[in-house]
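Spelled out, the chains give:
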Amino acid sequence: MEDYGRFLALLGSALLVGFVSVVFSLVWVFHYREGLSWDGSPREFNWHPVLIITGFVFIQGIAIIVYRLPWTWKCSKLLMKFIHAGLNTIAMILAIVSMVAVFEFHNARNIPNMYSLHSWIGLTAVIFYSLQLVLGFAVFLLPFAPVPLRAALMPIHVYSGLTIFATVIATALMGITEKLIFSLKNPAYSASPPEATFVNCLGLLLVIFGALILWMASRSHWKRPPEENAKVLQPIGGTPEGTEAESTMTDGSNADKSDLRINSEAARKQNLKLDEAGQRSTM
């Protein structure tokens, strides 16, 4: 791997910042916000930031870069697909539970739902994330999608995954700011009480974590190298993935070389004939 030391430094930094972000969220809800419970009280709402930061931010970020870990390159691509899908599934479950906590808290206190920009973008991110996960299972994990379809959808899958992750970071920043504005009354948020400063630092940690993950995921030289002689799933009634494509490419390459040799031989013979004709005309 190129710049292996730099990759390890960034990976260690991302893991550290992500873990500290989760710890910060727990300190926030236990030290400043009365802790956690599931009883319709504000303590139930506190599950929302904890689960979003733990699952939708930290675990999703790890799922994005899991293919880039060089010590996993000796593992089969199928195993890494299962790990990638499993981490994303855990992140989705935690995100859904966090939203249930919010809706139950709002309904118990007669607070309107889905009125803020934070809630609009947050729900949109959860919906698209669920669609991304379902389509990823159907196209890339199950052995039914043809190879050309996978190749066509892969750039879209990667782009949408990174976009959703960045959107989640932005939505989390809106959410913690909204919570501070609503909750801090005396002193107010504008007075920068200790809780406000602490949670603002949490927001900075989320931005740093997101930036590190996106940087590692966007470097082409840290991409998992293609497998040689990889064993992949075989579609029902078909050939293993890549075999048909590789066979077609090999056959096509051989055919092109054969055609080139035939055309070159024909041109050489044609030139000889022209030379002979020219010699006859000058004799």
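All figures in this text were calculated on a predicted structure; none of them were measured in a lab.

Attention shifts here to the pattern of salt bridges. For the coordinates displayed, the defined rule picks out three salt bridges. One salt bridge connects arginine 33 with glutamate 195, and the closest N-O pair in it is separated by 2.9 Å. Pair noted here: arginine 33 is in the loop between helix 1 (4-32) and helix 2 (42-45) and glutamate 195 is in helix 7 (residues 194-218), with a separation of 162 residues, a long-range link.

Our focus in this paragraph is the packing of aromatic side chains. With the rule as written, the count across this model stands at seven aromatic pairs. Between phenylalanine 7 and tryptophan 222 the ring centres are 5.3 Å apart and the planes differ by 70°, which places this aromatic pair in the edge-to-face class. Pair noted here: phenylalanine 7 is in helix 1 and tryptophan 222 is in the loop between helix 7 and helix 8 (243-282), with a separation of 215 residues, a long-range link. Of the two residues, phenylalanine 7 and tryptophan 222, neither departs from the other in class, the shared state being buried. Here the aromatic rings of phenylalanine 165 and phenylalanine 209 are separated by 6.3 Å at their centres, their planes lie at 70°, and the arrangement is edge-to-face. Of this pair, phenylalanine 165 sits in helix 6 (residues 147-183) while phenylalanine 209 sits in helix 7, placing them 44 residues apart in sequence. Residue classification places phenylalanine 165 among the buried positions, given a relative accessible area of 0%. Members of the aromatic cluster, connected to one another through ring pairs, are Phe24, Tyr32 and Phe198. Positioned over the ring face of tyrosine 67 is lysine 77, at 5.7 Å from the centre of the ring.

Rules used throughout
- Residues numbered from 1 in each chain as written.
- Predicted model: local features only at pLDDT ≥ 70, side-chain atom pairs only at ≥ 80, totals over all residues.
- Heavy atoms only, no water.
- Salt bridge = Lys/Arg side-chain N within 4 Å of Asp/Glu carboxyl O.
- Helix = DSSP H or I, 4+ residues; strand = E, 2+ residues; numbered from the N terminus.
- Phe/Tyr/Trp six-rings, centres within 6.5 Å; stacked < 30°, edge-to-face > 60°.
- Buried < 20%, exposed > 50% of the residue type's maximum accessible area, 1.4 Å probe, protein only.
- Lys NZ or Arg CZ within 6 Å of the ring centre and 35° of its normal.

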